[in-house]
Amino acid sequence: MARKKLIAGNWKMNGLMEDGIALAKGIAQEVKAFGKSECEFLVCPPFTLLASVKKALRGAKVALGAQDVHFAEKGAHTGDISPLMLKDLGCTYVIIGHSERRADHFESNELICKKAVAAHAAGLKTVICIGETEAQRDAGKTIDVCKEQILGSVPDDSTAADTVIAYEPVWAIGTGKTPTAKDVEEVHAAVRKVLAKKIGKGNANKMKILYGGSVKPSNAKEFLSLPDVDGALIGGASLKVADFMAIAKNASENKK
Ligand code: PEP
């Protein structure tokens, strides 16, 4: 099953206007120079930069995504952003359920699922994040935790066309620590199995499952060459044009 790799940058809460535009322009330029690409690109800047980054990416095949969304269409939700607002800005993707939101904002699987349903209804694709903490890993619960998160946070009618899963071990995010390639492949294969039960084998086989957690140019090849790894969700290394593109180069060299 050929799944085109997705190289996605999560800029998190980084970048003022000037830096954000420069980063987006740099990525756009490199992606254009990349020629016919073996992979798809996505950048997810903070809300404040979405409109300017959209402009800076003009003419380059790089999708724009947000890092969170509210489940309501509009109304009394101070500080929140609706799916239609993101669409209006030119977003085609939104990250949902990142571990930093699960931890900092106490987001539950149920809430994440509601957000995903609303995002899909508005025509946005979701990148739904799952992953175990270090304590859960040490207790041998990695697969159980991922299973519970998928069952609770991925809508029942999700398809490969509207949903991407990102497996991000919490302990590997921003720490420089990574699981072994064998561990990652084992979790991704298990995730695909759970997805098959939930949304059907056809959709599960087509759905992209990204790995995220301290991905950098030097380890990208190791992860991106695994059979069930369909791209990467990249935090720190997505803030440097050269690193982001070096990771993408590894994806292109690892066509499946
Ligand atoms: C992330 O936040 O999604 C992430 C994977 O971060 P980093 O690449 O910095 O570990």
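Our subject is the structure listed above.
The rules we used
- Residues numbered from 1 in each chain as written.
- Predicted model: local features only at pLDDT ≥ 70, side-chain atom pairs only at ≥ 80, totals over all residues.
- Heavy atoms only, no water.
- Near = heavy atom within 4 Å.
- Polar contact = N/O pair within 3.5 Å; in protein donor to acceptor, adjacent residues only side chain to side chain.
- Areas by Shrake-Rupley, 256 points an atom, 1.4 Å probe, with all protein chains shown as cover.
- Nonpolar A, V, L, I, M, F, W, Y, C, P; charged D, E, K, R; others polar.
- Buried < 20%, exposed > 50% of the residue type's maximum accessible area, 1.4 Å probe, protein only.
- Helix = DSSP H or I, 4+ residues; strand = E, 2+ residues; numbered from the N terminus.
- Right-handed = clockwise from strand over helix to strand, strands pointing away.
- Pairing = 2+ DSSP bridges.
- Core = buried A, V, L, I, M, F, W, Y, C linked by side-chain atoms within 4.5 Å.
- Contact = heavy atoms within 4.5 Å.
- Disulfide = S-S within 2.5 Å.
- Salt bridge = Lys/Arg side-chain N within 4 Å of Asp/Glu carboxyl O.

Novice: How do you make sense of the site of the ligand when you look at a structure like this?
Specialist: Around the ligand, the structure places 14 residues, and the nearest of them are Lys12, Glu168, Gly174, Ser214 and Gly235. Within the contact set of the ligand, an oxygen atom lies 2.5 Å away from a side-chain nitrogen or oxygen of Lys12. Note that an oxygen atom of the ligand is positioned 2.7 Å from one of the backbone N or O atoms of Gly174. Its free accessible area being 290 Å², the ligand has 95% of it covered by the protein chains. Here the shell around the ligand is composed, by residue class, of four nonpolar, eight polar and two charged.

Novice: For this particular structure, what's the right way to read the pairing of strand 3 (residues 62–66)?
Specialist: Regular strands show a simple pattern: their side chains alternate between the two faces of the sheet. Strand 3 sits mainly inside the fold: five of its five residues count as buried. Covered by surrounding structure in strand 3 are Val62, Leu64 and Ala66 together with Ala63 and Gly65, the residues of both alternating faces. Handedness of the strand 2 (residues 39–44)-helix 2 (residues 50–56)-strand 3 crossover: right-handed. Note: strand 3 against strand 4 (residues 93–96), two bridges, orientation parallel. Bridging from a neighbouring strand, Gly65 pairs with Tyr93 of strand 4. With respect to chirality, the unit in which strand 3 leads through helix 3 (residues 83–88) into the neighbouring parallel strand 4 is right-handed.

Novice: Sorry, what's going on with the nonpolar core here?
Specialist: Across soluble globular proteins, nonpolar side chains have a tendency to be buried as a group. By size, the foremost hydrophobic cluster in this structure holds 62 residues, and its most contacted members are Ile7, Phe41, Val43, Ile165, Val191 and Leu195. If you tally residues by element for this core, the top one is helix 8 (residues 181–199), at seven residues. The contacts of Ile7, once residues within four sequence positions are left out, are Cys39, Glu40, Phe41, Leu42, Leu224, Ala232, Ile234, Phe244, Ile247, Ala248 and Ala251. By size, the runner-up hydrophobic cluster in this structure holds 13 residues, among which are Ala8, Tyr93, Val164 and Leu233.

Novice: Quick question: what am I supposed to make of the pairing of strand 4 here?
Specialist: In strand 4, alternate side chains face the same way, and those of Tyr93 and Ile95 on one face and Val94 and Ile96 on the other are all buried. Both strand 4 and strand 5 (residues 125–130) contribute to a ladder of four bridges, which runs parallel. Along strand 5, the bridge assignment pairs Tyr93 with Lys125.

Novice: Would you take a moment to explain the state of the cysteines for this structure?
Specialist: Disulfides are covalent bonds that link the sulfur atoms of two cysteine residues. Applying the stated criterion across every chain yields a total of zero disulfides. There is no disulfide at Cys113, and the cysteine sulfur nearest it, in Cys129, is 15 Å away. Given the relative accessible area of 18%, Cys113 is considered buried. For the unlinked cysteine Cys146, the closest cysteine sulfur is that of Cys129, found at 11 Å. The class for Cys146 is buried, based on a relative accessible area of 1%.

Novice: What should I look at first to understand the pattern of salt bridges in this one?
Specialist: If the charged atoms of two oppositely charged side chains come close together, the side chains can form a pair. Throughout the structure, instances matching the rule amount to 14 salt bridges. Taking the shortest distance from any N to any O, the salt bridge between Arg192 and Asp228 comes out at 2.5 Å. One end of the pair, Arg192, is in helix 8; the other, Asp228, is in the loop between helix 10 (217–224) and strand 8 (231–234), with 36 residues separating them in the sequence. Each of the two residues, Arg192 as well as Asp228, counts as buried.

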